[in-house]
Amino acid sequence: MLKQFILKNLNYFYRIFSLTTISFFINIAHANKSITLISDTLTYDNKTGLGIYSGNVLAKDNAKELVADKIKVFRNKQGEIYKIIATGNPAKFFDKSKKNNTISGHAKYINYLKYENLVILEKDATLDNNHNILNAPKIIYNTKTEITKTIKPDYGNQPHNRTKIILSNLKN
């Protein structure tokens, strides 16, 4: 009963909260799923659907976790989350939804694009898939097809701007 009341009046509650103290905890429910967000502060714009969570941010659902200094959550008019941008030093994500395999990564910037099924890691990016570790300036990971791609930056051919992979558990 309380949950239905909160969900029905969620936009109203968002307008009230502009927190600048202590940790913030809220469930954002959409399409029978929920994401828990914990942060020090929150600014939410009801007209645009943009929520900005700052300070020790944790976003979590059943099998996925995102940790960052700041997370921007973009929602469409139906209330569905369609994009998340995380920044940190580094921002980190963990995906335990694959059977017997945790995929994790970290970078200065992590973008999640729901409808494109993409996780984009930029600036000192690392992706760990079953102990196969990929380092690159920019990594694009498709969560549906599980295809990973790296992109060389435009700012030079320095050794630290190249792609490096460490393959583990190789069989002869």
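Residues numbered from 1 in each chain as written. Predicted model: local features only at pLDDT ≥ 70, side-chain atom pairs only at ≥ 80, totals over all residues. Heavy atoms only, no water.

Draft legend 1. Fine view of the overall build of the chain. Helices and strands together make up the secondary structure of the chain, namely two helices and 11 strands. Ordering the α and β elements of the chain from the N terminus gives α-α-β-β-β-β-β-β-β-β-β-β-β. Burial analysis of the chain (172 residues in total) assigns 33% to the buried set. Taking all contacts inside the chain whose residues are at least 6 apart in sequence as the whole, residues at least 24 apart take part in 31%. For the chain, the exposed area adds up to about 11300 Å²; of that, 52% sits on carbon and sulfur atoms. (Helix = DSSP H or I, 4+ residues; strand = E, 2+ residues; numbered from the N terminus. Buried < 20%, exposed > 50% of the residue type's maximum accessible area, 1.4 Å probe, protein only. Contact = heavy atoms within 4.5 Å. Areas by Shrake-Rupley, 256 points an atom, 1.4 Å probe, with all protein chains shown as cover.)

Draft legend 2. Representation of the nonpolar core in the model. If you look at the biggest cluster of nonpolar residues, it comprises 27 residues, and the most contacted ones within it are L66, I71, F93, I110 and L121. When residues of this core are traced back to their parent elements, those giving at least two are strand 2 (33-39), strand 3 (41-45), strand 4 (50-60), strand 5 (64-75), strand 6 (81-98), strand 7 (101-113), strand 8 (118-129) and strand 9 (132-142). For this core, the element with the most residues is strand 6, which contributes five residues. Look past the residues within four positions of I110 in its chain and what remains in contact with it is L66, I84, I85, A86, A91, K92, F93, G105, V119, I120 and L121. (Core = buried A, V, L, I, M, F, W, Y, C linked by side-chain atoms within 4.5 Å.)

Draft legend 3. Seen up close, the pattern of salt bridges. What the rule picks out here adds up to one salt bridge. K60 is the partner of E65 in a salt bridge, and the nearest nitrogen-oxygen pair spans 3.6 Å. Owing to a relative accessible area of 23%, E65 belongs among the partly exposed residues under this scheme. (Salt bridge = Lys/Arg side-chain N within 4 Å of Asp/Glu carboxyl O.)

Draft legend 4. Layout of the packing of aromatic side chains. Enumeration over the complete set of coordinates arrives at one aromatic pair. Summarising the aromatic geometry, the rings of F74 and Y82 are spaced 6.2 Å apart at their centres and angled 50 degrees between planes, so their arrangement reads as tilted. Owing to a relative accessible area of 16%, F74 belongs among the buried residues under this scheme. A cation over a ring is seen here: K83 above F74, with NZ or CZ 4.5 Å from the ring centre. (Phe/Tyr/Trp six-rings, centres within 6.5 Å; stacked < 30°, edge-to-face > 60°. Lys NZ or Arg CZ within 6 Å of the ring centre and 35° of its normal.)

Draft legend 5. The environment of K164, seen in detail. Mapped onto the elements, K164 comes out in strand 11 (residues 164-166). For the pair K164 and N135, spaced 29 residues apart in sequence, the C-alpha separation works out to 5.1 Å. With residues up to four places along the chain from it excluded, the contact list for K164 reads I133, L134 and N135.

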